[in-house]
Amino acid sequence: MNKYILTIISILLSYNLVAQNAILKGKITDVSNNQPVPFANVIVVGTQIGSTSDFDGNFIITGLNPGYVKLQISFIGYKTKISSDILLSNDKIPFIEINLEPTDEIISEVVVKADPFEKKQESPIAMQSIGIKEIEGNPGSNRDISRVIQSFPGVGSTPAFRNDVIIRGGGPSENRFFLDGVEIPVLNHFSTQGASGGPVGIINADFIQNVDFYSGSFPANKYNALSGILDFRQKEGNKDKTSYQATLGASETAFTIDGPIGEKISYIFSVRKSYLQFLFEALELPFLPTFNDYQLKLKYNIDNKNQITVISIGSLDFLKLNDNIKNPDASQEYILSQIPVNNQWSYTFGTVYKHFTENGFHTFVLSRNMLNNQFYKYPDNNENLDKSFDYLSTEAENKLRYEYTTLKNGVKYNFGLNLEYAKYYNSTSQQVFYNEAIINLNYKTNLDIFKYGLSAQASKTVFNENLLMSFGIRTDANNYNDNMNNPVNQLSPRFSLSYSLAKNTLLNAGIGRFFQQAAYTTLGFRDNSEILINQENAKYIGANHYNLSLEHRLSKSIILSLEGFYKDYFQYPIDLTTGASLANQGADYSSVAGATEVDFYGTGKAVGFEFLNRINYNKFTLLASYTYVRSQFTDINNKLISSAWDSKHLLTITGSQEFKNNWRVGFKWRFVGGLPYTPYDLETSANIQAWNAKGQAYLDYNNLNSLRFNAFHQLDIRIDKNYFFNKWSLMLYIDIQNAYNFKNTGQDYIVREKNADGTYQTTNNNTEYVLKAVENKSGTVLPTIGIMVKF
């Protein structure tokens, strides 16, 4: 059998069929009114191959080589544009819509000033656009966008097997995510409620066209974020015929189908199912995760003036303990003792309607999203005992958003209004050790919150398009209490500019104030008397952003930038039990973030600078970024303390080279400075009542983040080989994470010593356990194989 497999692999590796049968179709429209742009020039970047759009704006290009391409589109009176990456194959005809922006300049000929690193007018600073080619081939990421962005400046990471989005020293709860204009609160499977992290991303890379990644200076129509925004644009379904894709990835299998429904409707739909639970069980790992998800996009082009987009995404996750391990070692025993059983599901469903006018368009977004999250834990996993932790929570949001975008006299305006009704339910039963005594915390919350927001933004280029200026303002409010219901308290102006100092050198700047509502887990926290403890003092969390950058383009394909940033936090919640800022929470599988009594007087700062070198040739790409960042937040005594994300140094170098016959080799090396951590309170941990309540050691918050891990670094390598046949395509990759087997040292595990008969050793008249520290080493070479079949 092995001989046959090796023979097949050898044949595939030696087979190099590349027929020039690929076809690309598309449509060129005016971004302001969706009217077709006839006679526009469309060129495949790096070639002399191209076409011209017809009276309806449609174009077709034939005789292309399969693989990734970009288009350059130009026409008199419009700014020349370079498209995002497009994957061509012999068996499928992609369709791409390109929106051209009218220029203020009066010209009689086409002026080619295309920018492959094009920024948004509303955010000329602290924004990067990421194409599907970078997502698909990013080493060590397995097509997961939460890991892909770790290549970009300002984005931190941890050695843990998690996708926490940590941007410029802010916590993983400070980000928001939009999918074709619809907000999706959940980005990862097994998501930490009240934050954003988890082990595996929920978005299928098969859907992504490109991603706009904001690390500051957000547009006014984006809201409820302090550190970052990921704005996803999805592909459209095939307009010619139904096509299929089957994928075997590093952790899951997937099936995707897309195609037309009549002449005006296209769709794309996928389902994914993990197989990690089988692999983990075979390796005798202590926990067995199972995740499933689906994703849908349907586009209905009614006519040139009206279009409807329907999107939906959902997940179903189960995490159970592996109780079949015989004689678990100390590390397995530690994980089994502290990880709870977790069942979670989520979904988002949204409809976007656009109506175009002569000089602009109206956008209506109606959506609903829901998260259901269950945790429970038995002491020592003994189901004959009462649960020490039993948690069930749901978050449901119903949203209506309206925006009007128009272009008048060279000024781009955007006005927005959003309404939202949220319902939060929580049932918590938990043993808590506090002030040398056990407290049985039992409460239920049913919380209804009505929210609204208003926004406006104006952007314009002047001085022969050498100066871009954008001013925005928004406010948000809700009915949780009087302070949060006053929109003046959340007034958030913002201003950004980009000035051309020389032909290829830009000075960019941004300043703004941003607000974010505290997590539902915080707003809905009650004591045993059913009082909403945090209601009286709750406020929106705020941050002032200051950004300044110098950007130089060495050529059309090479950009260098140096950017400084300062985030000034205020009204940050302080945990009144531990005395620590909630900014440190959000990266733990075994808890929910923010479910505690707090007060909103904390402050903080994240300050640093970023250097970026980005090269984008047709066959070679390089992204080198270095960030110096300091992240500090005050504790209960108003003392500034390094946060859990204060890594100081972030260095990432990511590169790829394409070779003949559709081979591609890539690498990613990242260095993350040692993160702070808090030592254990071994005296409290040894207390039998305390340990039995929590099932693990307690931290010494009097010495919050007083210790620091060693730096972490890792090399990931990826090799891709694509085969394009006449009626189907085969794509293979080998991804090797941690290629030189770096061993990371984490905080020691604390476990209880056992007697010969398996009972736990005690001391001090049977009031304390005997504890011991177990070294926590992690890291191994992790090779994975991916297979994608398209037909």
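Above this note sits the structure.
Residues numbered from 1 in each chain as written. Predicted model: local features only at pLDDT ≥ 70, side-chain atom pairs only at ≥ 80, totals over all residues. Heavy atoms only, no water.

On to the overall build of the protein chain. Counting secondary structure elements, the protein chain contains eight helices and 49 strands. Rg of the C-alpha trace for the protein chain: 27 Å, near the compact-globule value of 28 Å for 791 residues, within the 12% margin. Overall, the protein chain is about 90 × 75 × 50 Å in size when its C-alpha atoms are taken along their principal axes. Within the protein chain, buried positions represent 56% of all 791 residues. Of the contacts made within the protein chain by residues no fewer than 6 positions apart, 66% connect residues no fewer than 24 positions apart. For the protein chain, the computed accessible surface area is about 32,700 Å², with 56% contributed by carbon and sulfur atoms. Of the side chains in the protein chain, 71 bear a positive and 75 a negative charge, and the two mean positions are spaced by 7 Å. (Helix = DSSP H or I, 4+ residues; strand = E, 2+ residues; numbered from the N terminus. Rg over C-alpha atoms; globule rule 2.2 N^0.38 Å. Buried < 20%, exposed > 50% of the residue type's maximum accessible area, 1.4 Å probe, protein only. Contact = heavy atoms within 4.5 Å. Areas by Shrake-Rupley, 256 points an atom, 1.4 Å probe, with all protein chains shown as cover. Lys, Arg positive; Asp, Glu negative; His and termini not counted. Charge placed at Lys NZ, Arg CZ, Asp CG, Glu CD.)

Moving on, we get to the environment of Phe570. For Phe570, the location among the structural elements is in strand β33 (residues 558-575). Here the alpha-carbon distance between Phe570 and Tyr601, two residues 31 residues apart in the chain, equals 7.1 Å. Excluding its chain neighbours within four sequence positions, the residues that come into contact with Phe570 are Arg513, Phe515, Ile541, Gly542, Ala543, Asn544, Gly602 and Thr603.

A separate point is the pairing of strand β29 (residues 467-478). With nine of 12 residues buried, β29 lies mostly within the body of the structure. Taken together, the 12 bridges between strand β28 (residues 437-462) and β29 define a ladder with antiparallel strand orientation. If you follow Tyr452 over to β29, its bridge partner there is Ala477. The loop that links β28 with its antiparallel partner β29 comprises four residues; one of these, Phe463, has a positive phi angle of about 55 degrees. One ladder, built from eight bridges, connects β29 with strand β30 (residues 492-502); its direction is antiparallel. Residue pairing for β30: Ile473 is matched across the bridge by Pro493. (Pairing = 2+ DSSP bridges.)

Read from one edge of the open sheet, three strands run β4-β1-β9, paired in mixed fashion. Only two strands of the sheet have a single neighbouring strand rather than two, namely β4 (58-64) and β9 (95-100). With strand direction ignored, the average angle separating the axes of adjacent strands in the sheet is 25 degrees. Across six bridges, strand β1 (residues 22-30) lies against β9 in parallel orientation. In the sheet register, Gly26 faces β9, and the bridge partner there is Ile96. (Axes fitted to C-alpha atoms, helices over the stretch in contact; angles between N-to-C directions.)

Turning our eyes to something else, we now look at the nonpolar core. Core analysis: the biggest nonpolar cluster contains 37 residues, and Leu226, Leu447, Ile449, Tyr480, Leu523, Tyr569 and Tyr572 have the highest contact counts within it. Every element with two or more residues in this core is listed here: β26 (389-408), β27 (411-434), β28, β31 (505-516), α6 (520-523), β32 (541-555), β33 and β34 (598-616). (Core = buried A, V, L, I, M, F, W, Y, C linked by side-chain atoms within 4.5 Å.)

Moving on: the pattern of salt bridges. For the structure on display, the rule yields 34 salt bridges. Among the salt bridges present, the one from Asp258 reaches Lys92, with a minimum N-O distance of 3.2 Å. Of this pair, Asp258 sits in strand β20 (residues 252-261) while Lys92 sits in the loop between β8 (86-88) and β9, placing them 166 residues apart in sequence. Relative accessible area serves as the criterion here: at 4%, Asp258 is assigned to the buried category. Here Lys92 falls in the partly exposed class, since its relative accessible area comes to 28%. Among the charged side chains, a salt-bridge network with shared partners connects Arg176, Glu183, Glu397, Lys399, Glu420 and Lys451. (Salt bridge = Lys/Arg side-chain N within 4 Å of Asp/Glu carboxyl O.)

Let us look at helix α5 (residues 330-338). The buried fraction of α5 amounts to seven of the nine residues, a majority that puts the element mostly inside the structure. Buried residues of α5: Gln332, Glu333, Tyr334, Ile335, Leu336, Ser337 and Gln338, and no others. In this structure, the buried residues of α5 make contact with β22 (287-303), β23 (306-321), β25 (360-377) and β44 (749-752).

What follows covers the pairing of β31. The two faces of a sheet get side chains in turn, since along a regular strand they alternate between them. Note that β30 and β31 share eight bridges and pair antiparallel. Paired with Ser500 across the bridge in β31 is Leu506. Hairpin connection, β30 to β31: the antiparallel pair is bridged by two residues. Judged from the 12 bridges that link them, β31 and β32 form a sheet pairing that is antiparallel. The residue of β32 that forms the bridge with Leu507 is Leu550.

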